[in-house]
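# Survey of secondary and tertiary structure
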Amino acid sequence: MGLVGHMGPNMTEPRWKRILIKLSGEAFAGAQSFGIDPDTVKRLAQDILDTHKLGVDVAVVVGGGNIIRGGRASRKGVDRASADYMGMLGTVINALALQDALEKLGADTRVQTAITMSAVAEPFIRRRAIRHLEKGRIVILAAGTGMPYFTTDTAAVQRSLEIHAEAVLKATNVDGVYDKDPRTHPDAVKFDRLDFMDAISRGLGIMDLTAFSLCKEYDLPIVVFDITQPGNIARVVRGEPIGTYVGRVEQ
């Protein structure tokens, strides 16, 4: 499944026909440390729509870290399951904000949630999600897996496999995967591409182990890239050499 290697044979053609973008909650906050910055969300929506206009089916899994992080709340004494459910509800707030921004730009969208809340969104139904994509709609997937103890990274990979996405685009605030944290180590080295086994052996925290193991098992490539630079989603999809490609790499 997906493209072998980091560059497509024709950079004017999309590398993949269907992608899933994993958008962290922090991306919604912009320069703020908390909450939703409307200008930032509008820019993210424009980037997603520009990518969709390349002829690519686009699904988005949103995080909720700008509102609450379940893991952090549990460390502060909140029951872990309750904290995770709180985090899932935070992702729904972000999903609705992204839907609003996309539709103001003229996009046709659907929000589906793993926790049923029929007043604001559809429940996640795999075949319905695929049908929306086939009809040219951008599908925003919220509430993670609907179960505590699983991250939104795991939700992103699970949904990617369910809707037959060809790649997971992990949008972060760093321009790729490094051998150590570039924010604290000026000598950190960035990888352009990594094989799954190499990433595991190096102990690189690209995704949690559950998510990463699923990617490896089903040969689902991941591209880690910087979402703070406008236009980067479309650049990744066009095959420009930005970010870090993680997957099966053949020479």
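Being a predicted model, the structure only gives us computed values, none of them experimental.

## A short note on the packing of aromatic side chains
- Throughout the structure, instances matching the rule amount to 1 aromatic pair.
- With a centroid separation of 5.5 Å and 75° between ring planes, the pair formed by F196 and F212 is classed as edge-to-face. Remark: F212 occurs in helix α8 (residues 209-217) and F196 occurs in helix α7 (residues 196-201); sequence separation between them is 16 residues.
- Positioned over the ring face of F124 is R159, at 3.8 Å from the centre of the ring.

## Examining the confidence of the model for the protein
- With 94% of its residues at a pLDDT of at least 70, the protein reaches an overall mean of 92.
- For the stretch residues 1-10, pLDDT sits under 50, and the model shows 35 contacts to residues farther than four places along the chain or on other chains.

## Looking at the packing of helix α6 (residues 152-163) against α8
- Remark: α6 packs on α8, axes separated minimally by 7 Å, with the N-to-C direction vectors making an angle of 25°. Here α6 lies roughly parallel to α8, going by the angle between them. α8 is crossed by α6, and the crossing has left-handed handedness. Residues D153, T154, V157 and L161 of α6 lie in contact with α8, whose contacting residues are T210, A211, L214 and C215.
- Per-class residue counts for the contact of α6 with α8 are 5 nonpolar, 2 polar and 1 charged.

Cut-off values and rules
- In every chain, residue numbers begin from 1 and rise along the written sequence.
- Owing to the predicted nature of the model, reporting of local features is limited to residues with pLDDT of at least 70; listing and counting of side-chain atom pairs is limited to 80 or more, with chain, interface and lining totals taken over all residues.
- Excluding hydrogens and water, the side-chain values take into account all heavy atoms of the structure.
- Classification of ring pairs uses Phe, Tyr and Trp, with its six-membered ring standing for Trp, and accepts pairs whose centres are within 6.5 Å; under 30 degrees between planes counts as stacked, over 60 as edge-to-face, and the remaining range as tilted.
- Elements are defined by DSSP. Helices are runs of H or I of four residues or more, strands are runs of E of two residues or more, and each kind is numbered from the N terminus.
- Geometrically, a lysine NZ or arginine CZ counts as sitting over a ring once it is within 6 Å of the ring centre and also within 35 degrees of the ring normal.
- Scored from 0 to 100, pLDDT reflects the predictor's confidence in each residue.
- Residues are treated as being in contact if the distance between any of their heavy atoms lies within 4.5 Å.
- The convention used is that axes are lines fitted to C-alpha atoms, helices contributing only their stretch in contact, and that angles between N-to-C directions extend from 0 to 180 degrees.
- Orientation labels follow simple angle bins: below 35 degrees gives roughly parallel, above 145 gives roughly antiparallel, 65 to 115 gives roughly perpendicular, and whatever is left gives oblique.
- Definitions for this section: a left-handed crossing has its near helix turned counterclockwise from the far helix by less than a right angle. A right-handed crossing has that turn clockwise.
- All residues other than Ala, Val, Leu, Ile, Met, Phe, Trp, Tyr, Cys, Pro, Asp, Glu, Lys and Arg, Gly among them, are scored as polar; the first ten of these are nonpolar and the last four charged.

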